[in-house]
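The chain contents come next:
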Amino acid sequence: MFKSAGIVARYDNEKALQLTKEIATHLNNKGIKVFIEDTLTDKIKTQAETVPLKEMKTDFIITIGGDGTILRTCLNSPKPEPPILGINMGARGFLTEVEPNKAFTAIDRILENDFRVEKCTKLSAKIDDETLPDALNDIVISAGEPSKILYTELCKDGKPILNCQADGLIVATQTGATGYSLSAGGPVLDRMMDAILVTPICALTVFRSIIFPTEAEIILNVIRPKTMYIMIDGNYHYRKSENGLTVKITKSNNVTSFIRFENNFYDRLNCRLLFQGPR
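Now for a look at the structure at hand. (Residues numbered from 1 in each chain as written. Predicted model: local features only at pLDDT ≥ 70, side-chain atom pairs only at ≥ 80, totals over all residues. Heavy atoms only, no water.)

**Things to note about the nonpolar core**
Just so we agree on the cut-off: Note on terminology: a nonpolar core comprises buried Ala, Val, Leu, Ile, Met, Phe, Trp, Tyr and Cys residues joined through side-chain atoms within 4.5 Å. Here the term buried applies to any residue with accessible area under 20% of the maximum for its type, exposed to any over 50%, and partly exposed to those in between, with areas from a 1.4 Å probe on protein chains only. Working definition: helices are DSSP H or I runs of at least four residues, strands are E runs of at least two. Numbering for both runs from the N terminus. Note on contacts: a residue pair is in contact if any heavy atoms of the two residues lie within 4.5 Å.
Among the nonpolar cores identified, the biggest contains 30 residues, and Ile23, Leu27, Ile62, Ile64 and Leu85 are the most heavily contacted of them. Those elements that provide at least two residues to this core are strand 1 (4–9), helix 1 (14–29), strand 2 (33–37), strand 4 (60–65), strand 5 (84–88) and helix 3 (103–111). Setting aside residues no more than four positions away along its own chain, leucine 27 makes contact with Ala5, Ile7, Ile32, Val34, Phe60, Ile62 and Ile107. The next biggest cluster of nonpolar side chains, apart from the first, holds 29 residues, and it includes Ile139, Leu154, Leu169 and Ile249.

Structure below.
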């Protein structure tokens, strides 16, 4: 079924680089055309072709790293996004599927069509008429300076809900509910609950997380300061200075697809996030 595969790996991890070479050889031996992200060109030597991530139009992508590697891949890979197999070489790897010692078994199962696909909602953000990259995890809005308060008006479907005074706001997907939003006191959302979650960062007022349906249009009117800073999935950074800035957030038409096997959401939650200590 699959004829081509892309590999995106941490370039600062020797074990990840070694596994990249071994996986590229394994896939080539299986008759699969392999493309490796061009950031690894000077790091490893293989017969695989190197291409920019934005041009990696393959049947599926293997990420070798942690959640940060996956989020970077989702931000930059062509749309529609190829399904992703995440191999955990990070500290937590909540979004990843297998450990390195099971990588080749997982790849063989994929080539035998023995897997399922988990589709995850993404968020689309616009500032006035400017469209930003989609977010798999979250969109973080702040004043862009430490300890500077962001004053915003939060609206749903054009109707004001409340005014917020906080260090910032996190607008997260169900996937992102286990990331920065959780650290800021937000709830975990069940995998079957497709929603948009708004969580304040150090709010001055009594304001906890609000869960909205994905069909809602969330609008944040920035009252002050003049400069607003946005971070998407911890990788994309955007700063703008203008009076009366408005951020519109809706469900994206794009999705991220993960290749999954036996593990379920609560297995990963218990083993990798809630109860696992530092490595």
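**Some thoughts on the sheet that holds strand 16 (residues 236–241)**
How we decide: Note on pairing: two strands pair once DSSP finds at least 2 bridges between them. Angular values range over 0 to 180 degrees, each being the angle between N-to-C directions of two axes fitted as lines to C-alpha atoms, with helices fitted over their stretch in contact.
One open sheet accounts for six strands, arranged 13-12-11-8-15-16; its pairing is antiparallel. Taken across any chain shown, the strands that pair with only one partner, and hence form the sheet edges, are strand 13 (210–213) and strand 16. Taken over all neighbouring pairs, the strand axes of this sheet differ in orientation by 20° on average, direction set aside. Direction of pairing for strand 8 (residues 138–142) relative to strand 11 (residues 168–172): antiparallel, over a ladder of five bridges. Counted as the bridge partner of serine 142 is glycine 168 from strand 11.

**So, the pairing of strand 11**
Within strand 11, five of the five residues are buried, leaving the element largely enclosed by the surrounding structure. Residues Gly168, Ile170 and Ala172 of strand 11 are buried on one face, and the alternating residues Leu169 and Val171, pointing to the opposite face, are buried as well.

**With respect to the side chain of threonine 152**
Summarising the element assignment, threonine 152 is placed in strand 9 (residues 150–156). Residues within four places of threonine 152 in sequence aside, it is in contact with Leu162, Asn163, Cys164, Leu169, Asn221, Val222 and Ile223.

**Let's talk about the packing of aromatic side chains**
In plain terms, the rule: Each Phe, Tyr or Trp ring, with Trp reduced to its six-membered ring, pairs with another whose centre is within 6.5 Å; inter-plane angles below 30 degrees give stacked pairs, above 60 give edge-to-face pairs, and intermediate values give tilted ones.
Per the counting criterion, the structure on display carries four aromatic pairs. With 6.1 Å between their ring centres and 85° between their planes, phenylalanine 94 and phenylalanine 265 make a pair best called edge-to-face. In this pair, phenylalanine 94 sits in the loop between strand 5 and helix 3 while phenylalanine 265 sits in helix 5 (residues 265–274), placing the two residues 171 residues apart along the sequence. Residue classification places phenylalanine 265 among the buried positions, given a relative accessible area of 7%. Chaining the aromatic ring pairs together yields one cluster made of Phe2, Phe60 and Phe115.

**Some details on helix 1**
The criterion, for reference: Multiply 1.5 Å by the residue count of a helix minus one, and that product is the helix's expected span. We define a polar contact as two N or O atoms separated by no more than 3.5 Å, with the added condition that, inside protein, one atom must be a possible hydrogen donor and the other a possible acceptor, whereas residues neighbouring each other in sequence contribute only through side-chain atom pairs.
Counted at 1.5 Å a residue, the expected span for helix 1 with its 16 residues is 22 Å, and the 23 Å between its end C-alpha atoms agrees. Buried residues in helix 1 make contact with strand 1, strand 2, strand 4, strand 5 and helix 3. Looking at where helix 1 begins, the residue whose side-chain oxygen comes 2.9 Å from the main-chain nitrogen of lysine 15 is asparagine 13. Following helix 1 by one or two positions, glycine 31 has its phi on the positive side, about 85°.

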